[in-house]
Amino acid sequence: MRGGATQYEGNLKGVQHVVLVLSGKGGVGKSTITTELALALQHAGKKVGILDVDLCGPSIPRMLGVSQQEVHQCDSGWVPVYADPQQRLALMSIGFLLDDPDEAVVWRGPKKTALIGQFVRDVAWGELDVLLVDTPPGTSDEHLAVLDNLRKHRVDGAVLVTTPQAVSTGDVRREITFCKKTGVKILGIVENMSGFVCPHCSECSSVFSKGGGEELAKLTGSVFLGSVPLDPLLTASIEDGRDFLQAFPESATYSSLRAIAESVLSSLQD
């Protein structure tokens, strides 16, 4: 446990590490990486939480198969939704607060900032080894609100997600600049959609391109955490809210995700 916890920390007192998951643009699979990273950490014996602050696109409840669950109140605040019977994977998302899942969140910045502050302050996480914060794409009000509210606790670092193409890695360069300006340590870069795994022979082909994330890590002096291919088995698992890592432990994608989780854990323990 960290020493010198202030009264402000409240529900974050039992959280050992806070990790942001960032992307420079939408559509790179950031929420998928967040979900699979959380599951990999859970399977490694850690107690994990996900704070989904992608307010306009809260997809993680569906990815974990808990979109029909409801958030309840306790004396300490909101009780997160647990994705497993052992209560080792907790999730808080605006998706649980919407009456209609198809409802658009049409909010201006101050209202978003207020809800993020409430998420950080009022969710009763209990004891967690790692809290992953799934952010929206870019460097907007939501990111600044997360940092402002969490800075009183501490942010251990950020995992940046990109796809191999130059149009994506270019945006991640700006995300790296954002991290440097705000004093957030970069734990590493993940290259998602790096090749396509054939569902018949399991051969991985470079449909778009390959290696852009690794090259970006070299150019910026960042750690390259690994690459994750487009895998139909992973896509189907995410769509159905099933645990891919539990269902397909023999797949190459499983090995990639597990290695990324191990690298993140190692950097947090340094």
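In this text, all values refer to a predicted model and were calculated from it rather than measured experimentally. (Residues numbered from 1 in each chain as written. Predicted model: local features only at pLDDT ≥ 70, side-chain atom pairs only at ≥ 80, totals over all residues. Heavy atoms only, no water.)

## As for the overall build of the chain
Stage number 1. When helices and strands are counted, the chain shows 9 helices and 11 strands.
Stage number 2. For 270 residues, the compact-globule estimate of 2.2 N^0.38 gives 18 Å, and the chain sits close to it at 18 Å.
Stage number 3. Burial analysis of the chain (270 residues in total) assigns 52% to the buried set.
Stage number 4. Once local pairs closer than 6 in sequence are excluded, the contacts in the chain between residues at least 24 apart make up 76%.
Stage number 5. Here the chain displays about 12,400 Å² of accessible surface, and carbon together with sulfur accounts for 49% of that area.
Stage number 6. Averaging the positions of the 24 positive and the 32 negative side-chain charges in the chain gives two centres separated by 7 Å. (Helix = DSSP H or I, 4+ residues; strand = E, 2+ residues; numbered from the N terminus. Rg over C-alpha atoms; globule rule 2.2 N^0.38 Å. Buried < 20%, exposed > 50% of the residue type's maximum accessible area, 1.4 Å probe, protein only. Contact = heavy atoms within 4.5 Å. Areas by Shrake-Rupley, 256 points an atom, 1.4 Å probe, with all protein chains shown as cover. Lys, Arg positive; Asp, Glu negative; His and termini not counted. Charge placed at Lys NZ, Arg CZ, Asp CG, Glu CD.)

## Overview of the packing of aromatic side chains
Any two aromatic rings considered together are summarised by their centre-to-centre distance and by the angle between their planes.
Stage number 1. If you walk through the whole model with that rule in mind, you get 2 aromatic pairs.
Stage number 2. Judged by centre distance (5.7 Å) and plane angle (65 degrees), the ring pair of tryptophan 78 and phenylalanine 119 falls under edge-to-face. Highlighted residues: tryptophan 78 in strand S4 (residues 77–79) and phenylalanine 119 in helix H3 (residues 109–122), separated in sequence by 41 residues. The same class applies to tryptophan 78 as to phenylalanine 119, namely buried.
Stage number 3. Ring centres of phenylalanine 244 and phenylalanine 248 lie 5.5 Å apart, and the angle between their planes is 35 degrees; this geometry places the pair in the tilted category.
Stage number 4. Residue classification places phenylalanine 248 among the partly exposed residues on the basis of a relative accessible area of 24%. (Phe/Tyr/Trp six-rings, centres within 6.5 Å; stacked < 30°, edge-to-face > 60°.)

## A look at the packing of helix H5 (residues 166–182) against helix H6 (residues 212–220)
Stage number 1. With their axes 10 Å apart at the nearest point, H5 and H6 run at an angle of 35 degrees to one another. Along this stretch, H5 crosses H6, giving a crossing that reads as right-handed. In contact with Thr169, Val172, Arg173 and Ile176 of H5, H6 contributes Gly212, Gly213, Leu216, Leu219 and Thr220.
Stage number 2. Class assignment of the residues belonging to the contact of H5 with H6 gives a composition of 4 nonpolar, 4 polar and 1 charged. (Axes fitted to C-alpha atoms, helices over the stretch in contact; angles between N-to-C directions. Left-handed = near helix turned anticlockwise from the far one by under 90°. Nonpolar A, V, L, I, M, F, W, Y, C, P; charged D, E, K, R; others polar.)

## Points about the pairing of strand S2 (residues 48–52)
Stage number 1. A large share of S2 lies buried, amounting to 5 of its 5 residues.
Stage number 2. Side chains of S2 alternate between two faces, with Val48, Ile50 and Asp52 and Gly49 and Leu51 buried alike.
Stage number 3. Where S2 and strand S7 (residues 128–134) come together, 5 bridges link them in parallel fashion. When the bridges of S7 are listed, aspartate 52 appears paired with aspartate 134. (Pairing = 2+ DSSP bridges.)

## Focus on the pattern of salt bridges
Stage number 1. Taken as a whole, this structure holds 10 salt bridges when the rule is applied.
Stage number 2. One salt bridge connects aspartate 122 with arginine 121, and the closest N-O pair in it is separated by 3.4 Å.
Stage number 3. Residue aspartate 122 is classed as partly exposed on the basis of its relative accessible area, which comes to 21%.
Stage number 4. Ionic pairing is found between arginine 258 and glutamate 262, a salt bridge with its closest N-O pair at 3.3 Å. Note that arginine 258 and glutamate 262 are positioned in helix H9 (residues 252–269) at a spacing of 4 residues, about one turn of the helix.
Stage number 5. Judged by its relative accessible area of 44%, arginine 258 is partly exposed.
Stage number 6. Assessed through its relative accessible area of 44%, glutamate 262 is described here as partly exposed. (Salt bridge = Lys/Arg side-chain N within 4 Å of Asp/Glu carboxyl O.)

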